[in-house]
Amino acid sequence: MKSVALLIAFICTLSSSNANARAGRPMIIHRLPELNLEIWTEQDPEWDTTLQKKKGGVTFIAETPALTYPPAHMSWSTLPPFQFERNEMKEVARGVLHQMAKNYRTKPPDHLEPRRYGDLTGYEATFSAEQNNLPIDIRMFCGHREGKPPVVMQLVTLKDKLPHLAEHVRRSWTHLKYLD
């Protein structure tokens, strides 16, 4: 991708549950002006990435390489800029979740959890669906930094395999930030 600057970074973060340092992992830093975001993805093994531009907006996608188990798909999209108050973020996230569940032809969960990832504060939910007759789990987050457009992050994998991807999500989503 011409517009994506790739840099290798080594991460060494502390666990929130204890003070033991975690081993550094190579990550690729994607600086995406089209989304105004900096997104980190796995370097070893390197996830396949694409930037999709559609009439409705731009989405950055990262997928596990072939023969990786469990297979996973992460995506990041910015919503079109619109005005909303800080206390309306939960309803924005609920609307995104309902649309996403509709796209997966399933019922959205009733409960949203408040979460913070990198620069963004928002809400997260997990739900199950079926895609091509295959049971899957979806983890969705919708959040923003005040004055910036909301960002929707999504992780899709096989049913009951979300825990296997917890560290991938931590390394990627906790480093998300706006470029400006």
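Described below are features of the structure shown in this document.

The rules we used
Position numbers for residues start from 1 in each chain and track the written sequence from start to end. Local features in this predicted model are restricted to residues of pLDDT 70 or higher, and side-chain atom pairs are both shown and tallied only at a pLDDT of 80 or more, whereas totals for entire chains, interfaces and linings draw on every residue. Side-chain measures were taken over the full set of non-hydrogen atoms in the model, leaving aside hydrogen atoms and water. Strand pairing is assigned whenever DSSP identifies at least 2 bridges connecting the two strands. Each helix is a run of H or I in the DSSP string that is no shorter than four residues. Each strand is a run of E no shorter than two, and both are numbered from the N terminus. Under this scheme, a helix contributes an axis fitted over its contacting stretch, all axes are lines through C-alpha atoms, and angles between N-to-C directions fall in the 0 to 180 degree range. Contact criterion: two residues are considered in contact whenever any of their non-hydrogen atoms come within 4.5 Å of each other. Within 3.5 Å is the distance limit for a polar contact, defined as a pair of N or O atoms, with the added protein rule that one can donate a hydrogen and the other accept it, and that residues adjacent in sequence qualify only through two side-chain atoms.

## A short note on the sheet that holds strand β5 (residues 57–63)
In spatial order, the strands read β4-β5-β6-β10-β9-β8-β7; together these 7 strands make up an open sheet with antiparallel pairing. Two strands in the sheet have a free side with no partner beyond their single neighbour: β4 (48–54) and β7 (113–117). Ignoring strand direction, the axes of neighbouring strands in this sheet form an average angle of 25°. Against the sheet, helix α1 (residues 89–103) contacts β8 (120–131), β9 (134–144) and β10 (151–158), and its axis sits at roughly 155° relative to β9. Along the sheet, helix α2 (residues 166–173) contacts β6 (72–78), β7, β8, β9 and β10; its crossing angle with β6, the most-contacted strand, is approximately 25°.

## Notes on the environment of Pro45
Position of Pro45 relative to the elements: it lies in the loop between β3 (37–42) and β4. With sequence-adjacent residues up to four places away left out, Pro45 is seen in contact with Pro65 and Thr68.

## Regarding the environment of Gln154
Residue placement: Gln154 occurs in strand β10. It is 9.5 Å that separates the C-alpha atoms of Gln154 and Ile61, two residues lying 93 residues apart in sequence. Setting aside residues up to four positions removed in sequence, Gln154 forms contacts with His73, Met74, Ser75, Met100, Tyr104, Ile138, Arg139 and Trp173. Only 2.8 Å separates the side chain of Gln154 from the side chain of Tyr104, close enough to count as a polar contact.

## Side note on unusual backbone geometry
Following Asp44, the chain continues to Pro45 via a peptide bond in cis, the omega torsion being 0°. That bond from Tyr69 to Pro70 is cis: its omega, -5°, falls within 30 degrees of zero. If you trace the backbone, Pro70 turns up in the loop between β5 and β6. Within the chain, Arg105 stands out as a residue other than glycine whose phi angle is a positive 60°. Of note, Arg105 is situated in the loop between α1 and β7.

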